[in-house]
Amino acid sequence: MYLERFFVEGLAHASYLFGKDGQAAVVDPKRDVDDYLKAAEREGLKIVAVLVTHAHADYVGGHVELAQRAGATIYHSAKAPAQYPFHGLHHGEDVFVGPIRVKGLDTPGHTPDSMSFYLEADGERILFSGDALFVGDVGRPDLVDMKVDPRVLAGDLYDTLHDVLYHLPDDTIVYPAHGAGSLCGRKIGTAPSTTVGAEKLANWANQFRTRDEFIEAMVANLPDRPFHFYHDPFVNLAGPRPLAEVPKPALIQPGELQAEYAGALVLDVRTPERYGAAHLAGSLNIGGHLPVFSTWTGMLIRPETSLVLVVEEPEAAERAWLDLARIGYETIQGYLVADAEAWRAAGLEVRETPQLEVCCLDQWMREGRRLLDVRTCAEWNQGGVEGAVWINLSRLGGRLDEVPAGPLAVMCGTGYRSSIAVSLLEREGRADLVNVKGGWAAYAQRMCAEPDTYDFRCADVFERMPVAA
């Protein structure tokens, strides 16, 4: 049997193409489906089935487009309220992909209509578990906007694990729909696959003595939920339009920004250093160079928001377009190529965010300036700068009244999230802001002269950010 895993790093989303004797199926396809079609053609396979484990919350799928282009049938739970043509499967019902018998298993808990797919081929037992069972983790029960109590779903998930999945042979290979970094779980491991036996022994969700204890653990300390998580399940159930129909952004000139795109949010996708050197006033910086770009966009920007991108080169606009289309954001109006002189010539306000070296930070604080740390709770608990104020970036917009006044340095783990925070605060009217270059990772490993190096790099920033008398 041929089996290939496709992984979208930023979303930590895994999909699968498998087949034998000329026929193939795809499990939980990503929105850009060309990769599956090319791989199937290369392997001499025809895609006859698209298997969907549930209506995912964290990305928009390519199930409808793939089925149309391949001439395949979409299969998922008969309980799913989908609005496109599909074959609804009941628990234990089979789908044949060539000689491979695939059994649909009702595995509710992450959603009411979650379904996993079990097969045996070439001496191997395989489970495509969707978001029911991950490597070292299980799916969250709180991502359904259908007036379903998360505690009810958590109870369903307990039953799914103990009455269905853990009854499969221990050597069953588990291929989940997400890996480490996905917000659909909490403690997902880094390995691409696992086994049923390994999860029975080591999964943190299998340590609770009773169903009630499991339920309480499942609804406690859940990660923050991005805006697109409220949007994408319904797009997936309605049937996403083909990717080619999502408008690509066109180049616009600086003079057009205030006239034709005045209502759009300017999203600067350059690195913190490039953004800090010169950026448009009021723009939001979320760097497109890292895989987490789409996740942070979904956390901070609503899907219906009209966007104008600022990029270093046109190719970056197309990359951002794809990343955002994958999470259902289809409102990019155009893009600007970064050019501070052209912006000024067009009458646009250009600002700078100084980048503070970590060897200047202790002196910064000794002189009475403040530090805001926007890392996660887990990162903060592992260490932080004494005297810093901690507010998780995902909560910052709702806690602006807690942000210290006066000159403020902002820190995260590497300088990426802190630049996002700086741009958010600048949009709220703050001007006395600096970004800590390299973040906590650089600060924790700093090797500075004693006392802290007060060279021209520090002095220049300090002179621009005087402490109030």
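It should be emphasised that the depicted structure is a prediction, and the values quoted were computed from it without experimental measurement.

Before going further, it helps to spend a moment on the overall build of the chain. From N to C terminus, the chain includes 16 helices and 23 strands. Compactness check: the chain gives a C-alpha radius of gyration of 25 Å against a globular reference of 23 Å for 469 residues, within 12% of the reference. Projected onto the principal axes, the alpha-carbon positions of the chain cover approximately 75 × 55 × 40 Å. Of all 469 residues assigned to the chain, the portion counted as buried reaches 55%. For the chain, contacts bridging at least 24 residues in sequence account for 69% of all contacts bridging at least 6.

Another aspect to go through is the pairing of strand E7 (residues 94-97). Residues Val95 and Val97 point to one face of E7 and are all buried, whereas Asp94 and Phe96, pointing to the other face, are not buried. Where E7 meets strand E8 (residues 100-106), four bridges bridge the pair, whose relative direction is antiparallel. By the bridge assignment, Val97 is partnered in E8 with Ile100. Joining the antiparallel neighbours E7 and E8 is a turn of two residues, in which Gly98 adopts a positive phi near 60°.

Here the focus is the side chain of His228. The residue His228 is located in the loop between helix H5 (211-218) and helix H6 (232-238) in this model. At a separation of 3.4 Å, a polar atom in the side chain of His228 contacts the main-chain carbonyl oxygen of Asp58. Apart from residues no more than four positions distant in its own chain, His228 is found in contact with Ala57, Asp58, Pro233, Thr295, Gly298, Pro303, Ile327 and Tyr329.

Applying the stated criterion to the full structure yields twelve aromatic pairs. Geometrically, the ring pair formed by Phe18 and Phe128 is stacked, given 5.3 Å between the ring centres and 20° between the ring planes. Taken together, the positions of Phe18 in strand E2 (residues 13-20) and Phe128 in strand E10 (residues 124-130) put the pair 110 residues apart, joining distant regions of the chain. Here the two residues Phe18 and Phe128 agree in accessibility, since each one is buried.

So, about unusual backbone geometry. Across the chain, the bulk of peptide bonds are trans and the bulk of non-glycine residues have phi less than zero. Positive phi outside glycine occurs at Ala12, with the angle close to 50°. Looking at where Ala12 falls in the secondary structure, it is placed in the loop between strand E1 (2-8) and E2. Among the residues examined, Ala12 registers a relative accessible area of 1% and is labelled buried. Even without glycine at this site, Asn221 takes up a positive phi of about 55°. For Asn221, the location among the structural elements is in the loop between H5 and H6.

Here we take up the state of the cysteines. All chains considered together, the criterion is met by two disulfides. Between the sulfur of Cys360 and that of Cys458 lies a disulfide, 1.9 Å long from S to S. In this structure the cystine formed by Cys360 and Cys458 twists about its S-S bond by roughly -75°; its chirality is therefore left-handed. Here Cys360 is found in the loop between strand E19 (355-356) and helix H12 (361-366), whereas its partner Cys458 is found in helix H16 (residues 456-464), with 98 residues between them in sequence. Its relative accessible area of 2% is what places Cys360 among the buried residues. Cysteines bonded in the chain are numbered consecutively along the chain; their disulfide partners then correspond to 1-3, 2-4.

With that settled, the discussion passes to the environment of Val389. Structurally, Val389 can be placed in strand E21 (residues 389-390). A C-alpha to C-alpha distance of 7.7 Å links Val389 and Val403, two positions 14 residues apart in sequence. With sequence-adjacent residues up to four places away left out, Val389 is seen in contact with Arg370, Leu371, Leu372, Asp373, Glu402 and Pro404.

Within a beta sheet, neighbouring strands are joined by backbone hydrogen bonds and run either parallel or antiparallel to one another. Pairing is parallel in the open sheet, where four strands are placed in the order E15-E13-E16-E17. Two strands in the sheet have a free side with no partner beyond their single neighbour: strand E15 (284-285) and strand E17 (332-337). Inspection of the sheet shows strand E16 (residues 307-311) paired to E17 by five bridges, in the parallel sense. Within E17, the position partnered with Val311 by the bridge is Val337.

Criteria and thresholds
- Residues numbered from 1 in each chain as written.
- Predicted model: local features only at pLDDT ≥ 70, side-chain atom pairs only at ≥ 80, totals over all residues.
- Heavy atoms only, no water.
- Helix = DSSP H or I, 4+ residues; strand = E, 2+ residues; numbered from the N terminus.
- Rg over C-alpha atoms; globule rule 2.2 N^0.38 Å.
- Buried < 20%, exposed > 50% of the residue type's maximum accessible area, 1.4 Å probe, protein only.
- Contact = heavy atoms within 4.5 Å.
- Pairing = 2+ DSSP bridges.
- Polar contact = N/O pair within 3.5 Å; in protein donor to acceptor, adjacent residues only side chain to side chain.
- Phe/Tyr/Trp six-rings, centres within 6.5 Å; stacked < 30°, edge-to-face > 60°.
- Disulfide = S-S within 2.5 Å.

Everything listed here is a matter of geometry and, on its own, says nothing about what the molecule does.
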